[in-house]
There are 2 protein chains.
Amino acid sequence: MDTHVVIMAGGIGSRLWPASTPEMPKQFIDVLGVGKSLIQMTVDRFLRVSGIGNFWVVTSERYVDTVKEQLPDIPAEHILAEPEPRNTAPCIAYACRKIAMRHPDANVIVTPSDAVVADTEAFSSAMGKALAFTSSSASIVTVGIVPDRPETGYGYVCASGKESGKVVKVLAFKEKPDRKTAETYLSEGNYFWNAGIFVWNVKTIEEQLRMHAPGIYGVIDAMSPSFYTEKEKEVLSEHFKECEKVSIDYAVMEKSDDIYVISGEFGWSDLGSWSAVKDHMVTDADGNAVVGDRVVLSECRNCIVHASGPVAVEGLDGYVVAEKNGKMLVCRLSEEQRVKEFSGMLGQ
Amino acid sequence: MDTHVVIMAGGIGSRLWPASTPEMPKQFIDVLGVGKSLIQMTVDRFLRVSGIGNFWVVTSERYVDTVKEQLPDIPAEHILAEPEPRNTAPCIAYACRKIAMRHPDANVIVTPSDAVVADTEAFSSAMGKALAFTSSSASIVTVGIVPDRPETGYGYVCASGKESGKVVKVLAFKEKPDRKTAETYLSEGNYFWNAGIFVWNVKTIEEQLRMHAPGIYGVIDAMSPSFYTEKEKEVLSEHFKECEKVSIDYAVMEKSDDIYVISGEFGWSDLGSWSAVKDHMVTDADGNAVVGDRVVLSECRNCIVHASGPVAVEGLDGYVVAEKNGKMLVCRLSEEQRVKEFSGMLGQ
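What you see is a predicted model; the values in this text were computed from it and never measured.

### Thoughts on the environment of Val-57 of chain B
Residues and elements named next belong to chain B.
Right, on to step 1. Within the secondary structure layout, Val-57 lies in strand S2 (residues 55–60).
Right, on to step 2. Along the sequence, Val-57 and Ala-81 sit 24 residues apart, while their C-alpha atoms lie 8.4 Å from each other.
Right, on to step 3. If near-sequence neighbours (up to four positions away) are discounted, Val-57 is found in contact with Ile-7, Ala-9, Ile-39, Val-67, Leu-71, Ile-74, His-78, Ile-79 and Leu-80.

### Comments concerning the packing of aromatic side chains
Right, on to step 1. All chains considered together, the criterion is met by 24 aromatic pairs over all chains.
Right, on to step 2. Relative to Trp-193 of chain A, the ring of Tyr-154 of chain A lies with its centre 5.0 Å away and its plane at 65°, an arrangement referred to as edge-to-face. Residue Tyr-154 of chain A is found in the loop between strand S6 (140–145) and strand S7 (156–159), and its partner Trp-193 of chain A is found in strand S9 (residues 191–201); the two are separated by 39 residues along the sequence.
Right, on to step 3. The buried category is assigned to Tyr-154 of chain A, whose relative accessible area is 12%.
Right, on to step 4. Residue classification places Trp-193 of chain A among the buried residues on the basis of a relative accessible area of 3%.
Right, on to step 5. Seen in terms of ring centroids, Trp-193 of chain B and Trp-268 of chain B are 6.2 Å apart; in terms of plane orientation they differ by 50°. Their pairing is tilted. Here Trp-193 of chain B, found in strand S9 (residues 191–201), pairs with Trp-268 of chain B, found in strand S11 (residues 268–269); they are 75 residues apart in sequence, far enough to count as distant.

### Comments concerning the interface of chain A and chain B
Right, on to step 1. Contacts between chain A and chain B engage 31 residues on the former and 31 residues on the latter.
Right, on to step 2. Surface buried jointly by chain A and chain B totals about 2500 Å² across both partners, of which 64% is contributed by carbon and sulfur atoms.
Right, on to step 3. It is Pro-310, Glu-314 and Met-328 of chain A that lose the most area in chain A upon contact with chain B, and together they represent 28% of the buried surface on that side.
Right, on to step 4. Between the two partners, chain A and chain B, sit 2 salt bridges.
Right, on to step 5. Close ionic contact of Glu-314 of chain B with Arg-332 of chain A constitutes a salt bridge, the shortest N to O distance being 2.6 Å.
Right, on to step 6. Taken together, the connections running from chain A to chain B amount to 14 residue pairs in polar contact (both at pLDDT 80 or more).
Right, on to step 7. With 6 residues, strand S17 (residues 327–332) of chain A is the single largest residue contributor to the side of chain A that touches chain B.
Right, on to step 8. Taken together, the residues that form the side of chain A that touches chain B break down as 18 nonpolar, 5 polar and 8 charged.

### Quick word on the sheet that holds strand S16 (residues 319–324) of chain B
Right, on to step 1. Within the open sheet, the 6 strands sit side by side as S13(A)-S15(A)-S17(B)-S16(B)-S14(B)-S12(B). Their pairing is mixed. Edge strands, defined here as strands with exactly one partner in the open sheet, are strand S13 (295–298) of chain A together with strand S12 (289–291) of chain B. This sheet shows a mean twist of 5° between the axes of neighbouring strands, independent of strand direction.
Right, on to step 2. Pairing of strand S15 (residues 311–314) of chain A with strand S17 (residues 327–332) of chain B involves 3 bridges; the strand directions are parallel. Looking at the pairing, Val-313 of chain A lines up with Val-330 of chain B of S17 of chain B.

### Examining unusual backbone geometry
Residue and element names in this part refer to chain A.
Right, on to step 1. Going from Trp-17 to Pro-18, the amide bond is cis rather than trans, its omega being 0°.
Right, on to step 2. Examined against the element boundaries, Pro-18 turns out to sit in the loop between strand S1 (3–8) and helix H1 (38–46).
Right, on to step 3. Of note in this structure, Glu-299 is not a glycine but carries a positive phi near 55°.
Right, on to step 4. In this fold, Glu-299 is placed in the loop between S13 and strand S14 (304–307).
Right, on to step 5. For Glu-299, a relative accessible area of 59% gives the class exposed.
Right, on to step 6. The backbone of Asn-302 sits at a positive phi, close to 55°, despite the residue not being glycine.

### Here we look at the sheet that holds strand S12 (residues 289–291) of chain A
Right, on to step 1. Taken in spatial order, the 6 strands line up as S12(A)-S14(A)-S16(A)-S17(A)-S15(B)-S13(B) in an open sheet, and their pairing is mixed. Since the sheet does not close on itself, it has two edges, and those belong to S12 of chain A together with strand S13 (295–298) of chain B, each with one partner. When strand polarity is set aside, the average angle formed by the axes of neighbouring strands in this sheet is 5°.
Right, on to step 2. As defined by bridge partners, S14 of chain A adjoins strand S16 (residues 319–324) of chain A across 4 bridges and the pair is classed as parallel. Across the sheet, the residue bridging to His-306 of chain A is Ala-322 of chain A, located in S16 of chain A.

### Quick look at the UniProt feature "domain: Nucleotidyl transferase" (unreviewed entry) in chain A
Right, on to step 1. In the numbering used here, UniProt assigns the "domain: Nucleotidyl transferase" (unreviewed entry) feature to residues 5–282 of chain A.
Right, on to step 2. As annotated, residues 5–282 of chain A has a helix share of 35% and a strand share of 21%, and its two end C-alpha atoms lie 30 Å apart.

### Comments concerning H1 of chain A
Residue and element names in this part refer to chain A.
Right, on to step 1. Turning to H1, its buried residues number three or more, namely Leu-38, Ile-39, Thr-42, Val-43, Arg-45 and Phe-46. The arc that holds the buried residues of H1, viewed along the axis, is 160°, so those residues lie on one side.
Right, on to step 2. Packing partners of the buried residues in H1 comprise S1, strand S2 (55–60), helix H2 (64–70), strand S4 (107–112), strand S5 (116–117) and helix H4 (120–135).

### Details of the pattern of salt bridges
Residues and elements named next belong to chain A.
Right, on to step 1. Counted under the stated rule, the structure contains 36 salt bridges over all chains.
Right, on to step 2. In this structure, Arg-102 and Glu-77 form a salt bridge, with 3.7 Å as the shortest nitrogen-oxygen distance. Highlighted residues: Arg-102 in helix H3 (residues 88–102) and Glu-77 in the loop between H2 and strand S3 (79–82), separated in sequence by 25 residues.
Right, on to step 3. Between Asp-105 and Lys-203 there is a salt bridge whose closest N-O contact spans 2.4 Å. Of this pair, Asp-105 sits in the loop between H3 and S4 while Lys-203 sits in helix H6 (residues 202–212); the two residues are 98 residues apart in sequence, bridging distant segments of the chain.
Right, on to step 4. The class for Asp-105 is exposed, based on a relative accessible area of 53%.
Right, on to step 5. Among the charged side chains, a network of salt bridges with common partners joins Arg-97, Glu-206 and Asp-221.

### Remarks on the layout of surface pockets
All names here are of chain B.
Right, on to step 1. Put simply, the second largest pocket is a space of about 1400 Å³.
Right, on to step 2. Taken together, 45 residues make up the lining of the second largest pocket; nearest its centre are Arg-15, Asn-87, Thr-88, Pro-112 and Asp-114.
Right, on to step 3. Among the elements that line the lining of the second largest pocket, the one with the most residues is S9, at 4 residues.
Right, on to step 4. In the lining of the second largest pocket, the residues fall into 18 nonpolar, 14 polar and 13 charged.

### Overview of the relation of the copies chain A and chain B
To go from the first copy of the chain to the second, apply a rotation about an axis and then a shift along the same axis.
Right, on to step 1. When chain A is fitted onto chain B, the two copies agree to an RMSD of 0.0 Å after a turn of 180° and an axial shift of 0.1 Å. As the rotation angle and translation indicate, the two copies are arranged about a two-fold axis. Ranked by how close their C-alpha atoms come to the rotation axis, the residues of chain A are headed by Gly-326 of chain A, at 2.0 Å.
Right, on to step 2. A symmetric contact is evident, with 100% of the interface residues of chain A recurring at the interface of chain B.

### Considering helix H4 (residues 120–135) of chain B
Residue and element names in this part refer to chain B.
Right, on to step 1. Given a rise of 1.5 Å per residue, 16 residues ought to cover 22 Å, and the 22 Å separating the end C-alpha atoms of H4 matches this to within 8%.
Right, on to step 2. Every buried residue belonging to H4 is among Phe-123, Ser-124, Ala-126, Met-127, Ala-130, Leu-131 and Thr-134, and all of these are buried. Down the axis of H4, the buried set is contained in an arc of 160°. They therefore lie on one face.

Conventions used here
Residues numbered from 1 in each chain as written. Chains lettered and ligands numbered in written order. Predicted model: local features only at pLDDT ≥ 70, side-chain atom pairs only at ≥ 80, totals over all residues. Heavy atoms only, no water. Helix = DSSP H or I, 4+ residues; strand = E, 2+ residues; numbered from the N terminus. Contact = heavy atoms within 4.5 Å. Phe/Tyr/Trp six-rings, centres within 6.5 Å; stacked < 30°, edge-to-face > 60°. Buried < 20%, exposed > 50% of the residue type's maximum accessible area, 1.4 Å probe, protein only. Buried area = accessible area lost by both parts, 1.4 Å probe. Salt bridge = Lys/Arg side-chain N within 4 Å of Asp/Glu carboxyl O. Polar contact = N/O pair within 3.5 Å; in protein donor to acceptor, adjacent residues only side chain to side chain. Nonpolar A, V, L, I, M, F, W, Y, C, P; charged D, E, K, R; others polar. Pairing = 2+ DSSP bridges. Axes fitted to C-alpha atoms, helices over the stretch in contact; angles between N-to-C directions. UniProt positions renumbered as here; feature names shortened; annotations may be inferred. Arc of directions from axis to C-beta. 1 Å grid on protein atoms, 1.4 Å probe; cavity = no way out; pocket = protein on both sides within 12 Å on 5 of 7 lines; lining within 4 Å. Points joined across faces, edges and corners; volume = space filled by probe spheres on them. Least-squares fit on C-alpha atoms with pLDDT ≥ 70 in both. Expected span 1.5 Å × (residues − 1).

Here is the structure:
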């Protein structure tokens, strides 16, 4: 089985400002203080299903050097630079065409670069099942996360069954719900968070794009004679922007009727907020999570402190305190949805 | 009248960490956000009583370049470098001997570099009276600050009268009192804070040092043939350490019986804590004082924020938030006496 892994790493992670900035976003930083960036952790997780020579990264031009530095074992020609962000559908269409040209029978996993998975055993097992399924059918398999709360920040996958660890048919993709709908989803039991992880045979996605996203497919088709030649960069820079700016969910998933899901808890998190980061860390007896070896805490509870330091924090309960390169945030965790607003006000 | 001003600028200002650090202490930074460092403000204040050519700065070797940079109009040979800090008596004895050698009739004001005075009119007037007094008598005049609280962090001057704006006899110098004693001082009305500002004729201080601090006087005497020669630095570096490490208060003031005080409120502060800095600043409608033009505050009250930024602070009441070069402090103002402890724990 010829398995390839495509890591999408173009995001700017503005909700973890100031640790994450457009200069060095979330996926490239050691968010959890474990000595590895999120994209390095992502690669480690998928090394159980594929060799490093079959990994691909799609990112923007400005992050190419960072990717090469952090992931020196990924072949340089597998690091693809989008001239500009056009959402996930063009990104995936480009990467999959590149793979298809050299590996026409490849099975492909597409994954974000900035999520974490605590239960890597269960996750790998699910990946194995999804790959086995897509290698013998023209179906798409997506990964569903069993929800533990009525989250309104994610899209959902409605499955034909509640059972975890098995590949089951998808009935519908659902966009981010309101609170009441999310509560219904949670109680129904057959609704899973859409983690943005997809598994397919490269032939399948090519066919699906041709059918459901003919515009994007046409642009990729027109550009593809330049792929793997010295003209690729120039052609891409001229024509990639002609691709419609649209997500793969909207362009393909919501339109195709041959989609399956494999669900599990996996201890998954997209670390989409400072609270989510804290929830994924070991805390001290007072409930504080600390990243940074030059941090002094005194009379603090339920805080997350993320700083290169030196930093002293006294007398806080339920706050995020983050610092990077002199940029600094102090905010109640209950108000953390405002982080993006604050960084915007500061021109960040 | 030949008036000279000696500014003592050797301190490291650890209570305003991280804005103030041993690399760039308090007196050299723009603590109040007014566009000038405290030592620059100190010079401005005394320009009413003397020309810049009569200013002297005593500091440690490591700050000499900073002094030259911030105060380019002070003659370079008036910037005196102590090889090591030996408290105020040796520092003053050295500077006054240098002055005496060239200006044997000089009237001298000695002042710290890191205090502020809001009422510069009243302060200048008091300085003028003190200088007039010392130019016609062999007395020392010190400046007393009318206390507005039972402060236990300062020494006190007990005067023979309560009247402000007049030169009156000092009955005794008192070391930092306990709370109860400080309350008594406050209610008595003839006790003033010792601001560490002294006025004397250079002949007077020489004579007082000879009588009350013969050890230090002897070391200075032995070194003085090298002063104003190329050997000064070498001699100083070899012998300055032989001076007893002692304050001018202990070495002279407490022993002499010919000391006077001129008192006033002056809006004086030694900015010895973040609260003191806040008290000296203009606050917004929510009681927040901000230094830094890239600071966003939201739902904050009674805070002082001192940062080069960009910094976002949300949901704090009664805190100091300070940042400099990636060093950071968040602390309740009610616990600010612990700042020195925190910076120590961080090896600062």
